[in-house]
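Tertiary structure, described
Here is what each chain is made of, one letter per residue.
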Amino acid sequence: MSSKAEAPPILDFSPFYGGDEVAKAALVDQVRRCCLHNGFFQIVGHRVPQSLQQDVLRCVQSFFSLPQEEKDKVHKDNTTWNRGYESIGSQILEAGTNPDLKEGFYIGEEIDKDHPYFVQKKLNSGPNQWPDNFHDADLFRETSQAYYTEMHALARDVLAVIAQTLDLGERYFDKFTTGAVATLRYLHYPPQPSDSDEKLSRGIGAHTDFGSVTLLMQGETKGLQVWEKATEEWLDVEPVRGAYVVNLGNMFMRWSNDLYRSNLHRVINLTGTERYSVPFFYSGNPDYSIECLPNCRAEGAAAKYAPITVSECIGQSYRDSYGKASAFKKAVTSPPAVPVPSMTGAQKIAV
Ligand SMILES: O=C(O)CCC(=O)C(=O)O
Ligand SMILES: [Fe+2]
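Under the annotation held in an unreviewed UniProt entry, the protein carries the name Fe2OG dioxygenase domain-containing protein and is attributed to Cryoendolithus antarcticus. Looking at the Sequence similarities (unreviewed entry) heading of the UniProt record, one finds this comment for the protein: "Belongs to the iron/ascorbate-dependent oxidoreductase family."

1. Some words on the site of ligand 1
In the region of ligand 1, 15 residues are neighbours, and Arg185, Tyr189, His265, Arg275 and Ser277 sit closest. The side chain of His207 places a nitrogen or oxygen atom 3.0 Å from an oxygen atom of ligand 1. In this structure, an oxygen atom belonging to ligand 1 sits 3.0 Å away from a side-chain N or O atom of His265. Expressed as a share of its isolated accessible area of 300 Å², the protein-covered part of ligand 1 is 98%. Among the secondary structure elements, those contributing two or more residues to the shell around ligand 1 are β5 (181-189), β6 (204-207), β11 (265-267) and β12 (275-284). Among the elements that make up the shell around ligand 1, the one with the highest residue count is β12 (four residues). Each residue belonging to the shell around ligand 1 can be placed in one class, and the counts come to nine nonpolar, three polar and three charged.

2. Here's the deal with the environment of Arg266
You can see Arg266 is positioned in strand β11. Residue class for Arg266 comes out buried when judged on its relative accessible area of 12%. Sequence-wise, Arg266 and Asp236 are 30 residues apart; in three dimensions their C-alpha atoms are separated by 9.8 Å. Apart from residues no more than four positions distant in its own chain, Arg266 is found in contact with Arg202, Ile204, Gly205, Ala206, Gly223, Leu224, Gln225 and Trp234. Within the structure, Arg266 has its side chain in polar contact with the side chain of Gln225 (distance 2.8 Å).

3. Here's the deal with helix α5 (residues 137-165)
Under the 1.5 Å per step criterion, the end-to-end length of α5 is 42 Å for 29 residues, consistent within 8% with the ideal 42 Å. Just past α5, the residue Asp167 takes up positive phi, approximately 60°.

4. Digging into the coordination of the iron ion (ligand 2)
In this structure, His207 (NE2), Asp209 (OD) and His265 (NE2) serve as the protein donors to the iron ion (ligand 2), at separations of 2.1 to 2.2 Å. We note that the donor set of the iron ion (ligand 2) lies within a single chain, spaced as H-x1-D-x55-H. What makes His207 buried here is its relative accessible area of 2%.

5. Overview of the nonpolar core
Membership of the largest hydrophobic core comes to 78 residues, with the highest contact counts inside it found for Phe105, Tyr147, Phe176, Tyr186 and Tyr244. When residues in this core are grouped by element, the largest group, 13 residues, is from α5. Within the second largest apolar cluster, 11 residues are counted, among which are Leu216, Val226, Val245 and Val267.

6. Structural notes on the state of the cysteines
What is meant by a disulfide is a covalent connection between two cysteines, made through their sulfur atoms. In this structure the tally under the stated criterion is zero disulfides. Distance from the sulfur of Cys296, which forms no disulfide, to the nearest cysteine sulfur (Cys292) is 5.5 Å. With no disulfide of its own, Cys313 lies closest to Cys292 among cysteine sulfurs, the gap being 14 Å.

7. Describing the UniProt feature "domain: Fe2OG dioxygenase" (unreviewed entry) in the protein
According to UniProt, the feature "domain: Fe2OG dioxygenase" (unreviewed entry) maps to residues 179-284 in the numbering used here. Here residues 179-284 is 6% helix and 43% strand, with 7 Å between the C-alpha atoms at its ends.

8. Here's the deal with the packing of helix α1 (residues 21-37) against α5
The N-to-C vectors of α1 and α5 enclose an angle of 80°; their axes lie 9 Å apart at closest approach. By the angle between their axes, α1 is roughly perpendicular relative to α5. Contact residues: Leu27, Val28, Val31 and Arg32 in α1; Val161, Ile162, Gln164 and Thr165 in α5. Here the residues of the contact of α1 with α5 are counted per class, giving five nonpolar, two polar and one charged.

9. Some words on the pairing of strand β8 (residues 224-228)
Side chains on a regular strand alternate between the two faces of the sheet. The buried fraction of β8 amounts to four of the five residues, a majority that puts the element mostly inside the structure. Note that β8 and β11 share three bridges and pair antiparallel. Pairing of Val226 across the sheet is with His265, part of β11. Bridging between β8 and strand β9 (residues 233-236) involves four bridges; their strand directions are antiparallel. Note that in β9 the partner of Val226 across the bridge is Leu235. Taken together, β8 and the strand that follows it, β9, pair antiparallel across an intervening segment of four residues, in which Glu232 is found at a positive phi of about 50°.

10. Examining unusual backbone geometry
At Asn82, a position not held by glycine, the phi torsion is positive, near 65°. Within the secondary structure layout, Asn82 lies in the loop between α3 (68-73) and β3 (84-86).

11. Focus: the sheet that holds strand β10 (residues 244-248)
Read across the open sheet, the eight strands follow the order β1-β2-β10-β7-β12-β5-β4-β3; overall the sheet is mixed. Sheet topology places β1 (10-12) and β3 at the edges, where each strand pairs with a single neighbour. For this sheet, the mean angle separating the axes of adjacent strands, direction not counted, is 25°. As defined by bridge partners, β1 adjoins strand β2 (residues 40-44) across three bridges and the pair is classed as parallel. In the strand pairing of β2, Asp12 is matched with Val44. Against the sheet, α5 contacts β2, β4 (103-107), β5, β7 (213-218), β10 and β12, and its axis sits at roughly 55° relative to β12.

The rules behind each value
- Residues numbered from 1 in each chain as written.
- Chains lettered and ligands numbered in written order.
- Predicted model: local features only at pLDDT ≥ 70, side-chain atom pairs only at ≥ 80, totals over all residues.
- Heavy atoms only, no water.
- UniProt positions renumbered as here; feature names shortened; annotations may be inferred.
- Near = heavy atom within 4 Å.
- Polar contact = N/O pair within 3.5 Å; in protein donor to acceptor, adjacent residues only side chain to side chain.
- Areas by Shrake-Rupley, 256 points an atom, 1.4 Å probe, with all protein chains shown as cover.
- Helix = DSSP H or I, 4+ residues; strand = E, 2+ residues; numbered from the N terminus.
- Nonpolar A, V, L, I, M, F, W, Y, C, P; charged D, E, K, R; others polar.
- Buried < 20%, exposed > 50% of the residue type's maximum accessible area, 1.4 Å probe, protein only.
- Contact = heavy atoms within 4.5 Å.
- Expected span 1.5 Å × (residues − 1).
- Donors = N, O, S within 2.8 Å, 3.2 Å for Na, K, Ca; no water.
- Core = buried A, V, L, I, M, F, W, Y, C linked by side-chain atoms within 4.5 Å.
- Disulfide = S-S within 2.5 Å.
- Axes fitted to C-alpha atoms, helices over the stretch in contact; angles between N-to-C directions.
- Parallel < 35°, antiparallel > 145°, perpendicular 65-115°, else oblique.
- Pairing = 2+ DSSP bridges.

The following block contains the structure:
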């Protein structure tokens with residue numbers, strides 16, 4: 001038997017929706033093992049229609065093919081709540097590398113400016129920006145919104161299984177998921193030049209995600225890698241049509257008192273073709289207090305971390321990662337005065 005580490009296993013999620021208790025328990029066991037190992041697994045057999053997934057991927061491609069000036073009209077810098085387009089090089093996720101070679105588009109709950117979350121400046125909450133000068137504009141908005149709603153449902157189902165891995169009831173996370181904030185992100189990674197510096201060029205630098213769970217749909221082009229600590233190697237996560245790569249974020253790791261893992265991953269696109277992917281970051285109710293979950297510490301032991309709200313926990317991580325890229329840009333565009341920042345501490349910063 002080969003000792004080579006394996007990429008995150010592909011689990012059949014359908015028992016969650018069925019009545020076979022043995023199959024359900026087996027799914028819970030598999031998920032528990034993955035959460036303890038590196039917090040990564042893949043699922044098929046969920047309820048998101050493949051036709052909707054394919055429609056989304058088509059929308060993503062047509063959006064990124066728009067002329068730069070059209071994308072810039074919906075730039076996320078027009079908002080302070082992280083909605084809209086982000087240009088290539090806006091983020092640095094790995095210490096000491098160049099800004100990430102990806103462009104993105106952020107979508108969230110469709111809320112107006114009189115919504116309490118916007119008025120109270122809750123985590124990434126406010127109206128979306130939609131491109132309008134675009135023959136597919138209506139289709140883009142409607143498909144994105146339908147998919148966003150589906151992803152909320154899937155995230156709740158995944159959390160229901162994760163609750164059971166900790167011997168908690170299926171509905172344990174209901175308060176956390178009520179009024180939850182989440183972000184859908186469309187990503188485009190142009191092919192990296194084959195002579196690009198291996199040490200400096202990343203589609204997305206090695207990072208861990210910020211929130212509770214991430215549900216990632218990959219297009220057809222490979223490039224995602226997950227760090228395997230035990231063997232110190234990067235494992236390729238080949239795209240599987242229809243599947244989601246699920247991973248826990250830093251907030252969940254903290255919530256579980258570090259019992260469950262939020263693991264490093266990155267993207268390097270050396271395929272020579274465009275890569276598209278669609279992560280969905282599930283943050284949770286912004287006011288919910290993250291305090292050590294039951295069954296995550298030895299009896300009598302103190303929790304490692306103080307309580308923190310979802311909003312505080314995730315908001316800070318966003319500010320850090322975007323702040324680093326703008327510091328980098330200032331440094332490289334005004335060479336004599338400012339040295340290139342060392343980025344110390346960026347390694348574990350996430351999305
Ligand atoms: O594009 C991918 O496959 C991964 C994206 C990712 O890790 C992120 O956006 O946090
Ligand atoms: Fe990520």
